Protein chains: 4
Amino acid sequence: MNFRSDNEAGAHPLILEAVRRAFTAGTAHSYGDDEWTHKVERRLREIFDHPGLVAYPVATGTAANVLALSCCTPPWGAIFCHPASHIAVDEANAPQFYTSGSQLVHVDGKDGKIDPRRLADMLAQPVYGVVHHPQPAAVSITQATECGTAYSPEEIAGLSTSARRHGLKLHMDGARFANALSYIGCAPSELTWRAGVDVLSLGATKNGAMAAEVVVFFDRELAREFEFRRKRGGHLFSKMRLLSAQLDAYFADGLWLANARHANAMARRLVAGLTALKGTSLLYPVHANEIFIALPAHIHDALEEAGAQYHPWPSDRPGERAFRLVTAFDTDPTMVDRFLSIAKTAE
Amino acid sequence: MNFRSDNEAGAHPLILEAVRRAFTAGTAHSYGDDEWTHKVERRLREIFDHPGLVAYPVATGTAANVLALSCCTPPWGAIFCHPASHIAVDEANAPQFYTSGSQLVHVDGKDGKIDPRRLADMLAQPVYGVVHHPQPAAVSITQATECGTAYSPEEIAGLSTSARRHGLKLHMDGARFANALSYIGCAPSELTWRAGVDVLSLGATKNGAMAAEVVVFFDRELAREFEFRRKRGGHLFSKMRLLSAQLDAYFADGLWLANARHANAMARRLVAGLTALKGTSLLYPVHANEIFIALPAHIHDALEEAGAQYHPWPSDRPGERAFRLVTAFDTDPTMVDRFLSIAKTAE
Amino acid sequence: MNFRSDNEAGAHPLILEAVRRAFTAGTAHSYGDDEWTHKVERRLREIFDHPGLVAYPVATGTAANVLALSCCTPPWGAIFCHPASHIAVDEANAPQFYTSGSQLVHVDGKDGKIDPRRLADMLAQPVYGVVHHPQPAAVSITQATECGTAYSPEEIAGLSTSARRHGLKLHMDGARFANALSYIGCAPSELTWRAGVDVLSLGATKNGAMAAEVVVFFDRELAREFEFRRKRGGHLFSKMRLLSAQLDAYFADGLWLANARHANAMARRLVAGLTALKGTSLLYPVHANEIFIALPAHIHDALEEAGAQYHPWPSDRPGERAFRLVTAFDTDPTMVDRFLSIAKTAE
Amino acid sequence: MNFRSDNEAGAHPLILEAVRRAFTAGTAHSYGDDEWTHKVERRLREIFDHPGLVAYPVATGTAANVLALSCCTPPWGAIFCHPASHIAVDEANAPQFYTSGSQLVHVDGKDGKIDPRRLADMLAQPVYGVVHHPQPAAVSITQATECGTAYSPEEIAGLSTSARRHGLKLHMDGARFANALSYIGCAPSELTWRAGVDVLSLGATKNGAMAAEVVVFFDRELAREFEFRRKRGGHLFSKMRLLSAQLDAYFADGLWLANARHANAMARRLVAGLTALKGTSLLYPVHANEIFIALPAHIHDALEEAGAQYHPWPSDRPGERAFRLVTAFDTDPTMVDRFLSIAKTAE
């Protein structure tokens with residue numbers, strides 16, 4: 001009963017098989033000039049209904065985020081992000097490293113989302129062009145957020161309107177983009193470029209791949225230096241087909257969406273079961289595949305004793321013990337039910 | 001007949017199978033706290049006869065080199081390397097990026113090897129502790145070199161003696177370490193720490209893996225900051241088993257050496273055939289799996305027409321056209337023979 | 001009637017004369033190995049009652065701050081500072097540049113001071129040694145603050161206790177240290193190392209010098225790399241006596257304190273006059289030489305029309321117009337009185 | 001008898017007086033929006049016959065060089081320079097720091113000058129746009145060189161032709177530009193932009209100022225980010241008049257040229273006297289104010305005993321002891337004659 005993280009899951013058989021086939025297909029041009037890499041870009045142009053986008057595979061979510069951001073800000077720029085965002089707390093200053101020293105400015109907001117009013121106020125300061133002040137350069141949002149919620153297209157458009165008014169770029173950390181998309185139920189384009197997103201870190205690793213993300217630029221000009229930046233970061237794979245074959249299978253025949261739908265469904269099943277129990281309460285609405293929930297001690301103890309695994313999480317409410325549970329593309333429904341049954345018994 | 005590069009090859013079936021097995025084995029702890037990663041380190045301790053070494057998997061050769069070097073020099077340091085070295089010409093300034101601005105100083109020498117006398121002279125300058133001058137911090141050598149030659153243990157020890165006299169660290173870029181080792185025929189320890197190497201970038205990608213390298217620190221203290229540096233570079237894999245399962249299979253049962261032996265043998269077979277032809281001449285001795293050779297125009301034309309693929313290479317001798325041919329772990333001997341037969345016919 | 005900034009003032013005659021004398025005294029060893037530089041360090045050891053301190057002159061406050069901070073944090077570190085601090089908003093990301101990409105984390109608090117409870121809470125997170133998270137490395141406080149207030153020794157000690165508990169260094173941006181010291185009225189040591197400060201950026205430029213600051217390390221080990229960092233930043237002066245002669249005169253015979261006392265007295269005189277007027281209100285208590293005050297429109301208009309110069313300042317209270325007035329070492333009391341008389345007339 | 005360095009000299013009285021006047025002239029706008037700074041730019045436009053140039057004062061030669069270079073190269077760029085250049089050996093990797101990790105590539109040549117053929121060959125490599133290779137971005141030359149020689153306008157034009165063919169920028173480190181100009185005897189424009197120089201670090205510190213250099217951009221577009229870079233480096237002076245008043249006096253009424261003429265004349269006087277002595281030989285032609293000369297032991301010993309001060313210098317010829325002597329704007333001719341008389345007596 002492992003609900004620790006979707007990055008502890010294995011990989012989807014179709015993705016494994018795609019990699020095997022790619023690597024037994026003889027020689028291939030290196031560094032991305034291969035059929036799999038080209039195909040991934042073509043697929044994404046269709047999926048996002050955007051024939052001009054450019055797409056670059058990388059292996060980790062941190063690499064995707066920081067390479068994307070490094071195209072959005074000068075070293076003296078400021079990137080506005082939620083204080084709980086991955087780039088702020090989980091990347092060991094990789095954003096500052098790749099941007100040669102830009103500044104992350106926190107914009108707080110409910111449920112892991114940037115408060116649009118607060119952002120508008122912060123961007124309306126008279127700092128533009130003034131040499132002393134970090135220059136507002138980009139807004140970075142996480143979809144789904146680190147609190148397991150999803151921005152609606154309208155919410156994104158609201159933030160992007162503020163950003164554009166002042167010439168900032170909008171980056172989306174989409175490590176769990178498929179989960180958000182599956183929840184919102186709109187077209188991929190509506191959740192990205194039509195809502196004003198300039199560049200998207202689109203994740204596959206947490207959703208059935210082994211290690212594959214793709215940086216998708218809707219604004220081609222923004223990608224001008226990307227390839228030099230990726231190489232300089234040590235993120236250009238010689239045998240790129242390792243990444244691209246994964247991504248090709250991931251985006252083929254809707255696998256990415258099917259995986260996300262399953263993970264989300266398992267989360268809803270967990271939520272339904274847990275919130276029915278006395279003394280539990282959600283920290284945030286559950287939109288994607290992460291659940292943040294306060295559990296009474298006796299329920300948690302019973303689960304732990306039964307071998308269930310999940311992380312503790314800080315709660316703002318004094319005396320409360322909260323936890324994070326994450327489901328994945330391969331979470332077994334019978335495991336969910338077993339988990340719930342133990343919790344129910346302990347109630 | 002593709003002799004363009006060993007990084008255009010596929011992957012060894014045992015490595016593919018190991019990855020498949022790892023990713024169908026259920027959940028595993030993320031970020032390297034998994035059985036495969038631990039096993040790789042244990043294997044390397046045995047192979048290098050060094051129970052204190054620490055080993056960190058990364059995905060690319062550039063990442064391995066620059067993360068290793070970033071542990072060897074302060075930002076105001078100088079790294080001494082051959083002008084043909086990968087870190088100098090093929091990594092888009094990644095070394096300077098990861099070391100926060102150190103300086104690469106070129107030390108020339110025959111056949112891709114640093115001239116020991118020249119290095120000794122350069123290190124004997126009165127710059128130590130003087131705040132104006134870049135501080136000599138590390139020597140980086142490539143094994144096998146970019147010219148396809150291999151340093152002997154004695155040659156390495158000679159360079160390391162100079163380095164140690166002045167407190168410099170010795171890094172080895174071993175993207176083709178297995179090929180060099182196979183040529184020299186000594187124990188891995190004799191070619192590394194017993195000869196004075198402090199940290200080794202040990203490659204698998206070019207020799208049968210998909211994307212896997214491992215940074216091996218023989219000096220544990222040097223590794224103190226490595227994990228923060230790897231994370232900050234975006235090179236920490238959440239599903240680390242992708243890298244470790246490859247490496248585990250690579251180092252098991254001598255696969256790495258068998259692969260290298262085959263690649264080297266194919267190179268020798270090519271050399272034997274080609275140098276027997278009138279008008280050909282080697283640019284450098286062939287120790288590993290790279291051949292640099294001048295070919296008469298009619299031979300080259302015939303080969304090209306027959307579909308053979310290999311890169312042109314700059315030659316110092318006026319009027320001469322030179323080329324690079326690379327063999328790999330899976331180079332087919334019948335392909336070599338066909339190639340030679342075409343060349344012979346054209347002679 | 002210029003109250004725009006203390007950095008618009010001229011220089012004190014004794015400082016000008018000291019520079020003239022130093023530069024007509026014949027040749028002198030370069031790069032700081034000169035009598036003036038040595039004398040400055042000796043003076044500071046006496047003034048701060050700390051025979052082991054080391055002191056390095058630099059020319060700008062930004063240089064002093066960021067070179068000091070670069071000795072306090074690794075690139076993956078976090079520096080905790082007030083959101084209004086100079087390093088956060090007025091240095092164009094110089095801190096991130098000099099620290100190779102550390103992160104500034106804002107800790108809010110009243111009157112420009114870090115809230116000690118909030119800092120303690122933020123430092124008590126389980127991030128230490130965890131490779132994903134920026135590592136808490138330093139706390140930076142400003143004395144006097146950007147709101148014109150001064151920390152008491154007890155307040156500093158409170159913050160330093162939190163910092164030390166978790167192994168963080170404490171930096172003080174003392175661009176207006178003399179003004180704070182003059183207000184508090186204690187010994188320099190009590191406001192610095194005895195209260196837990198590890199390194200101080202001690203300013204002279206705003207208080208009578210032309211361009212001179214000195215970085216004072218109370219923790220000698222922390223200064224180990226300083227000289228390389230200063231040189232690498234382009235901040236090592238060949239004719240160092242330009243900086244040191246200014247500082248020597250500044251610290252001789254209490255000139256620095258006399259200058260600060262005068263500036264503070266002029267600020268108090270302004271405050272007394274202005275707060276007596278109807279409709280005015282201070283944004284923060286006035287401890288040093290900066291006044292933040294809301295003025296009724298008719299008063300401001302009258303002052304402006306009379307040629308008075310000072311900056312507008314954002315106010316949190318809707319509808320209110322606030323301003324910043326700064327006095328300096330050479331502010332003329334008759335100018336203050338003229339200003340007050342105009343304001344009084346307009347009341 | 002101090003011939004150690006021109007940076008050990010004092011300052012010219014006219015420069016000292018200009019600074020005194022500037023700082024007793026009341027308040028002035030800060031950060032360079034002052035009359036002295038504007039005047040310096042106007043003077044330089046006249047002197048260089050270039051109404052479009054922009055000029056930025058900074059305090060040190062290293063700052064001038066590295067800020068200028070940071071406008072000429074991306075982080076993945078290569079800067080071609082002589083192995084003896086100040087940026088390569090005397091700036092503790094400041095160029096790499098300010099350019100976020102570019103690479104310095106050494107181009108050797110006689111007498112401290114880049115060999116034009118060698119540069120042309122190095123720039124003619126097929127690396128442009130190839131993501132693996134550092135991208136050739138700038139050539140940096142030193143005028144006068146570190147060997148005391150001066151490039152002619154034709155030599156500069158030769159290098160600039162190579163640079164422009166491949167889209168590289170041409171930077172000139174002019175720490176001793178006035179000495180070179182005085183030797184060559186042409187118009188300042190002929191030695192700079194008319195010969196293809198894009199940006200010049202123009203020094204005053206070594207030639208009569210206390211600490212003042214000015215970065216002169218002949219290509220205005222290149223300066224676009226300069227002001228943010230200067231601020232981020234901590235090199236923007238609040239009381240900028242300290243730098244500008246020095247520069248204003250320096251460029252007024254030909255003081256800069258008079259100072260350089262004197263220093264050069266003193267160097268020629270020394271050379272004439274020394275080369276007349278048996279056993280002496282120059283390492284390089286003497287164009288500016290630096291002399292590199294081999295001296296017989298008995299002459300050196302006699303000089304040293306008499307208290308003469310100058311630095312030893314490495315010589316390529318075995319058994320030879322060489323030295324560097326530097327004259328300055330204020331070198332006393334009677335001191336030169338005394339020095340020569342001691343040498344003559346010892347012959």
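On a predicted model such as this, the values are computed, not experimentally measured, just so you know. (Residues numbered from 1 in each chain as written. Chains lettered and ligands numbered in written order. Predicted model: local features only at pLDDT ≥ 70, side-chain atom pairs only at ≥ 80, totals over all residues. Heavy atoms only, no water.)

Visitor: Explain the overall build of chain A to me, please; I cannot follow it from the model alone.
Guide: Assigned secondary structure in chain A consists of 13 helices and 11 strands. Whereas a compact globule of 347 residues would reach a radius of gyration of roughly 20 Å, chain A reaches 21 Å, a difference of no more than 12%. Once the C-alpha set of chain A is aligned to its principal axes, its extents read approximately 60 × 60 × 35 Å. Counting all 347 residues of chain A, 66% fall into the buried class. Summarising the internal contacts of chain A: among those between residues at least 6 apart in sequence, 75% fall at separations of at least 24. With the model as given, the accessible surface of chain A reaches about 11,600 Å², and the carbon-plus-sulfur share is 50%. The distance from the centre of the 34 positive side-chain charges to the centre of the 38 negative ones in chain A is 2 Å. (Helix = DSSP H or I, 4+ residues; strand = E, 2+ residues; numbered from the N terminus. Rg over C-alpha atoms; globule rule 2.2 N^0.38 Å. Buried < 20%, exposed > 50% of the residue type's maximum accessible area, 1.4 Å probe, protein only. Contact = heavy atoms within 4.5 Å. Areas by Shrake-Rupley, 256 points an atom, 1.4 Å probe, with all protein chains shown as cover. Lys, Arg positive; Asp, Glu negative; His and termini not counted. Charge placed at Lys NZ, Arg CZ, Asp CG, Glu CD.)

Visitor: Help me out: how do you make sense of the domain arrangement of chain A in this one?
Guide: Residue and element names in this part refer to chain A. Domain annotation of chain A identifies domain 1 (13–255) and domain 2 (258–346). Taken together, the contacts link 18 residues of domain 1 with 15 residues of domain 2. When domain 1 packs against domain 2, close to 1,500 Å² is buried across both sides, 49% of that on carbon and sulfur atoms. For the pair domain 1 and domain 2, the number of links is one salt bridge. Where domain 1 touches domain 2, the interface holds 11 residue pairs in polar contact (both at pLDDT 80 or more). With four residues, helix H8 (residues 177–184) is the largest single contributor of residues to the side of domain 1 that touches domain 2. (Domains from an automatic or database assignment. Buried area = accessible area lost by both parts, 1.4 Å probe. Salt bridge = Lys/Arg side-chain N within 4 Å of Asp/Glu carboxyl O. Polar contact = N/O pair within 3.5 Å; in protein donor to acceptor, adjacent residues only side chain to side chain.)

Visitor: Any chance you could explain the relation of the copies chain B and chain A here in plain terms?
Guide: Each of the two copies of the chain can be brought onto the other by a rotation about an axis and a shift along it. With an RMSD of 0.0 Å, the fit of chain B onto chain A corresponds to turning through 180 degrees and sliding 0.0 Å along the axis. The two molecules are tied by a two-fold rotation axis, judged by turn and shift. The rotation axis passes nearest to the C-alpha of Gly233(B) in chain B, at a distance of 3.5 Å. A symmetric contact is evident, with 100% of the interface residues of chain B recurring at the interface of chain A. (Least-squares fit on C-alpha atoms with pLDDT ≥ 70 in both.)

Visitor: Can you walk me through the confidence of the model for chain A in this structure?
Guide: Summarising the model, chain A shows a mean pLDDT of 97, and 100% of its residues fall at 70 or more. Predicted as a complex, the structure gets a pTM of 0.97 and an ipTM equal to 0.97. (pLDDT = per-residue confidence, 0-100.)

Visitor: What exactly am I supposed to notice about the interface of chain B and chain A here?
Guide: In many reports, interface size means the accessible area that the parts give up when they come together. At the junction of the two partners, chain B supplies 47 residues and chain A supplies 47 residues. With both sides pooled, the region where chain B packs onto chain A buries about 3,800 Å², and carbon together with sulfur makes up 60% of that total. Three residues stand out in chain B for area buried against chain A, namely Phe97(B), Arg232(B) and Lys239(B), and they jointly supply 20% of the buried area on that side. Applying the counting criterion to the chain B and chain A interface returns zero salt bridges. For the interface between chain B and chain A, the tally reads 30 residue pairs in polar contact (both at pLDDT 80 or more). When residues of the side of chain B that touches chain A are traced back to their parent elements, those giving at least two are helix H1 (13–23), helix H3 (61–70), helix H5 (94–98), helix H9 (226–232) and helix H10 (241–251) of chain B. The element best represented in the side of chain B that touches chain A is H1(B), accounting for four residues.

Visitor: Sorry, what's going on with unusual backbone geometry here?
Guide: Both trends apply: most residues other than glycine have a negative phi, and most peptide bonds are in trans. Residue Ala144(C) is bonded to the preceding Gln143(C) through a cis peptide linkage, with omega at -10 degrees. One non-glycine residue, Asp111(A), adopts positive backbone phi at about 55 degrees. Structurally, the position occupied by Asp111(A) is in the loop between strand E3 (103–106) and helix H6 (116–123). Even without being a glycine, Tyr31(D) presents a positive backbone phi close to 60 degrees. With respect to the element layout, Tyr31(D) can be found in the loop between helix H1 (13–23) and helix H2 (35–47). Of the residues examined, Tyr31(D) reaches a relative accessible area of 28% and is grouped as partly exposed.

Visitor: Would you explain the sheet that holds strand E1 (residues 54–58) of chain B in this entry?
Guide: Residue and element names in this part refer to chain B. Spatial strand order, E1-E7-E6-E5-E4-E2-E3: seven strands in an open sheet with mixed pairing. With partners counted over all chains shown, the strands left at the sheet margins are E1 and strand E3 (103–106), one partner each. If you compare each strand with its neighbour and ignore which way they point, the axes differ by 20 degrees on average. Bridge count between strand E2 (residues 77–81) and E3: four bridges; the pairing is parallel. Along E3, the bridge assignment pairs Ala78 with Gln103. Here H10 sits on the sheet and contacts E1, strand E6 (199–203) and strand E7 (213–217); the angle it forms with E1, its principal contact strand, is near 120 degrees. (Pairing = 2+ DSSP bridges. Axes fitted to C-alpha atoms, helices over the stretch in contact; angles between N-to-C directions.)

Visitor: What is the right way to look at the pairing of strand E1 (residues 54–58) of chain A in this model?
Guide: For a regular strand, side chains alternate in direction, first toward one face of the sheet and then toward the other. Residues and elements named next belong to chain A. Extensive coverage of E1 is indicated by the burial of five of its five residues. Burial along E1 is two-sided: the residues Val54, Tyr56 and Val58 and Ala55 and Pro57 are all buried. Both E1 and strand E7 (residues 213–217) contribute to a ladder of five bridges, which runs antiparallel. Within E7, the position partnered with Ala55 by the bridge is Val216.

Visitor: Is there a simple way to think about the environment of Thr99(A) in this case?
Guide: Residue and element names in this part refer to chain A. Here Thr99 shows up in the loop between helix H5 (94–98) and E3. Assessed through its relative accessible area of 3%, Thr99 is described here as buried. In this structure the C-alpha to C-alpha distance between Thr99 and Val66, which are 33 residues apart in sequence, comes to 7.5 Å. In this view, Thr99 contacts Leu69, Ser70, Thr73, Pro74, Pro75 and Ile79; residues no more than four positions away in its chain are not counted.

Visitor: Any chance you could explain the interface of chain C and chain D here in plain terms?
Guide: Listed by partner, the interface residues are 47 residues for chain C and 47 residues for chain D. When the two sides are added together, the surface that chain C and chain D hide from each other amounts to roughly 3,800 Å², 60% of it contributed by carbon and sulfur. Taken as a group, Phe97(C), Arg232(C) and Lys239(C) account for 19% of the area that chain C buries against chain D, more than any other trio of residues on that side. At the boundary of chain C and chain D, one finds zero salt bridges. Broken down by element, the residue count for the side of chain C that touches chain D peaks at four residues, all from helix H1 (residues 13–23) of chain C. Here the side of chain C that touches chain D is composed, by residue class, of 19 nonpolar, 18 polar and 10 charged. (Nonpolar A, V, L, I, M, F, W, Y, C, P; charged D, E, K, R; others polar.)

Visitor: What is the right way to read the pattern of salt bridges from this model?
Guide: Once their charged atoms are close, side chains differing in charge can pair, the charge on each being opposite to the other. Residue and element names in this part refer to chain D. Throughout the structure, instances matching the rule amount to 76 salt bridges over all chains. In this structure, Arg176 engages Asp6 in a salt bridge whose closest nitrogen and oxygen atoms are separated by 2.8 Å. With a gap of 170 residues between them, Arg176 in the loop between strand E5 (169–174) and helix H8 (177–184) and Asp6 in the segment before H1 connect regions that are remote in the sequence. For the pair shown, Arg176 and Asp6 are each scored as buried.

Visitor: Is there a simple way to explain empty space enclosed by the protein in this structure?
Guide: Once rolled over the atoms, a probe with the size of a water molecule shows which space is left empty. This model, assessed by the stated rule, comprises five cavities of 30 Å³ or more. The space that makes up the largest cavity amounts to roughly 200 Å³. Around the largest cavity, the lining is made up of 17 residues, and of these Ser100(A), Ser100(B), Phe97(C), Ser100(C) and Ser100(D) lie nearest the centre. Of all elements in the fold, only H5 of chain A, H5 of chain B, helix H5 (94–98) of chain C together with helix H5 (94–98) of chain D reach the threshold of two or more residues within the lining of the largest cavity. Among the residues forming the lining of the largest cavity, the class breakdown is four nonpolar, 12 polar and one charged. (1 Å grid on protein atoms, 1.4 Å probe; cavity = no way out; pocket = protein on both sides within 12 Å on 5 of 7 lines; lining within 4 Å. Points joined across faces, edges and corners; volume = space filled by probe spheres on them.)

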